[in-house]
Amino acid sequence: MLHIFLILGTSAVGAALAYLLHFAQQPIKRKHKAVEEAYFQPLLEATEENTGSGAGDGYRWSQTANEMEVVVPLPPEMKSKDVVCKVLPSSISLVVGGKTIVRGRLLHRVVAEDCDWIIEGTGEARLLRLTLPKLTPTLSSQHWASVLAPADGADPAASLRA
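About the thresholds
Residues numbered from 1 in each chain as written. Predicted model: local features only at pLDDT ≥ 70, side-chain atom pairs only at ≥ 80, totals over all residues. Heavy atoms only, no water. Helix = DSSP H or I, 4+ residues; strand = E, 2+ residues; numbered from the N terminus. Buried < 20%, exposed > 50% of the residue type's maximum accessible area, 1.4 Å probe, protein only. Contact = heavy atoms within 4.5 Å. Areas by Shrake-Rupley, 256 points an atom, 1.4 Å probe, with all protein chains shown as cover. Pairing = 2+ DSSP bridges. Axes fitted to C-alpha atoms, helices over the stretch in contact; angles between N-to-C directions. pLDDT = per-residue confidence, 0-100. Polar contact = N/O pair within 3.5 Å; in protein donor to acceptor, adjacent residues only side chain to side chain.

(A) Structural detail: the overall build of the chain. Looking only at helices and strands, the chain features three helices and eight strands. Secondary structure elements of the chain occur, N-terminal to C-terminal, as α-α-β-β-β-β-β-β-β-β-α. Buried positions account for 27% of the 162 residues belonging to the chain. Pairs at least 24 apart in sequence give 56% of the contacts found in the chain among residues at least 6 apart. A total accessible area of about 11,300 Å² is found for the chain, and carbon and sulfur atoms account for 60% of it.

This is how it looks when you write it as structure tokens:
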């Protein structure tokens, strides 16, 4: 009699496992896919708008998760002695050939002692490349919206979140 219960019990467990395995292989049907896509679409659009690069008057900038880079085109005759660059954790002043290129409060803090600049290229392709290591690394959705903070104290990324 005990053998009959073991055989029936084993076959019941086997049937239950077969049933579960069959339905585990079936694709999950989502009932709310349109709602999910509608929810995430504004977040994706905000990320696309904040491409992580831009331009100012006389320079352009780009960034990675760890660094902000400012690139200034230079005339062929410009020398390193014509560059005055001062970077503090929350402010910057970059003057090239007596002309102020960037000056003001940075949008976010940088590691000032690791900031560096170099002049590269020749002739018309001459550039000043300033590297600003970020104090806090960012993901693409958190990238800086600009190099400088707005003069009126407004958050330039607020329009991306609205």
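(B) Focus on the sheet that holds strand β5 (residues 91-96). The sheet built from three strands is open, its strands ordered β4-β5-β6 with antiparallel pairing. A strand with exactly one partner marks an edge of an open sheet, and here the two such strands are β4 (83-88) and β6 (99-105). Across this sheet, the average inter-strand angle for adjacent strands is 5 degrees, counted without regard to direction.

(C) Geometry of the confidence of the model for the chain. Confidence in the prediction for the chain averages 80 pLDDT; 64% of positions are at 70 or higher. pLDDT under 50 marks residues 1-6. Its contacts with residues more than four places away, or in other chains, come to zero contacts. For residues 158-162, every residue scores under 50 in pLDDT, and the model assigns this stretch four contacts once sequence neighbours within four places are set aside.

(D) The arrangement of the side chain of S146 in detail. Tracing the backbone through its elements, the reader meets S146 in the loop between β8 (127-133) and α3 (158-161). Owing to a relative accessible area of 18%, S146 belongs among the buried residues under this scheme. Within the structure, the side chain of S146 is placed 2.6 Å from the backbone oxygen of L148, a separation counted as a polar contact.

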